[in-house]
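Summary of structural features
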Amino acid sequence: QVQLVESGGGLVQPGGSLRLSCAASGFTLDYYAIGWFRQAPGKEREGVSCISSSDGSTYYADSVKGRFTISRDNAKNTVYLQMNSLKPEDTAVYYCATDGAPGCGSYPRPPYEYDYWGQGTQVTVSS
């Protein structure tokens, strides 16, 4: 059974950092691209970042470029999202997802194109 589990969320002050983890089970993450999404209250789910499996290419939404870094540790079957210089507008539930493809495709792609999702982890940026 394909399963993704996010962790690492929490409450952080503006300017702070968090590292989110997306642990995979039931499949080998090596062969699949993984995307991070977020959804703030009253807003649509939006893509944040993606990392491919084929060549390790990374992609970022304009709103997080230069502040967030996506990476993968295939030995641990885990993808990470390092978030620095956090802003209140980064507050959201963060999800990881995959569509079973090795690449991120024409990034950004809409959430409905992804088949497997984690349960999400809450990130709150507030003083």
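Above this text sits the structure in question.
In this text the structure is predicted, and so the values were computed from the model without any measurement.

**Some words on the nonpolar core**
Ranked by internal contacts, the top residues of the largest apolar core, which has 27 residues, are Trp36, Phe68, Val79, Leu81, Met83 and Tyr94. Contributing elements (two or more residues each) for this core: strand 3 (18–25), strand 4 (34–39), strand 5 (46–51), strand 7 (68–73), strand 8 (78–83), strand 9 (92–98) and strand 11 (121–125). Not counting residues up to four positions away in its chain, the partners in contact with Phe68 are Arg38, Val48, Tyr60, Leu81, Gln82, Met83, Asn84, Leu86, Asp90 and Tyr94. Formed by seven residues, the second largest nonpolar core is a distinct cluster that contains Ala33, Cys104, Tyr107 and Tyr114.

**A look at the state of the cysteines**
Tallied over the entire structure, the rule returns two disulfides. The residue that forms a disulfide with Cys50 is Cys104, at a sulfur-sulfur distance of 2.1 Å. Taking the sign of the S-S torsion, about -95° here, the bridge from Cys50 to Cys104 comes out left-handed. Placement of Cys50 in strand 5 and of Cys104 in the loop between strand 9 and strand 10 (116–117) is noted, with a sequence separation of 54 residues between them. Comparing Cys50 with Cys104, the two get one shared label, buried. Numbered by order of appearance in the sequence, the disulfide-linked cysteines of the chain pair as 1-3, 2-4.

**Some words on the pattern of salt bridges**
For the structure shown, the criterion picks out six salt bridges. The partner of Arg38 in a salt bridge is Glu46, with the nearest N and O atoms 2.7 Å apart. Taking relative accessible area as the criterion, Arg38 reaches 6% and is therefore assigned buried. With relative accessibility at 36%, the residue Glu46 sits in the partly exposed group. Close ionic contact of Asp99 with Arg109 constitutes a salt bridge, the shortest N to O distance being 2.6 Å. Here Asp99 is found in the loop between strand 9 and strand 10, whereas its partner Arg109 is found in the loop between strand 9 and strand 10, with ten residues between them in sequence. Of the two residues examined, Asp99 and Arg109, each falls in the buried class.

**Thoughts on unusual backbone geometry**
One can expect most non-glycine residues to show negative phi and most peptide bonds to be in trans. Omega for the bond connecting Tyr107 with Pro108 falls within 30 degrees of zero, at 0°, which places this linkage in the cis form. Looking at the element boundaries, Pro108 is found in the loop between strand 9 and strand 10. Not every positive phi belongs to a glycine, and Asn77 is a case in point at roughly 55°. Assignment of secondary structure puts Asn77 in the loop between strand 7 and strand 8.

Calculation rules
All residue numbers here refer to positions counted from 1 along the written sequence of the relevant chain. Where local features are concerned, this predicted model is filtered to residues with pLDDT of at least 70; where side-chain atom pairs are given and counted, the filter is 80 or more; whole-chain, interface and lining totals use all residues. As a convention, hydrogens and water are excluded, and side-chain values are obtained from all of the structure's heavy atoms. Remark: nonpolar core denotes a set of buried residues (Ala, Val, Leu, Ile, Met, Phe, Trp, Tyr, Cys) joined through side-chain atoms within 4.5 Å. Each residue's exposure class comes from its accessible area (1.4 Å probe, protein chains only) as a fraction of the maximum for that residue type: buried when under 20%, exposed when over 50%, partly exposed otherwise. Numbering goes from the N terminus for both helices and strands, where a helix is a DSSP run of H or I of at least four residues and a strand is a run of E of at least two. Any two residues having at least one pair of non-hydrogen atoms within 4.5 Å are treated as being in contact. Cysteine sulfur pairs qualify as disulfides if the two atoms are within 2.5 Å. By convention in these notes, a salt bridge is any Lys or Arg side-chain nitrogen within 4 Å of a carboxyl oxygen on Asp or Glu.

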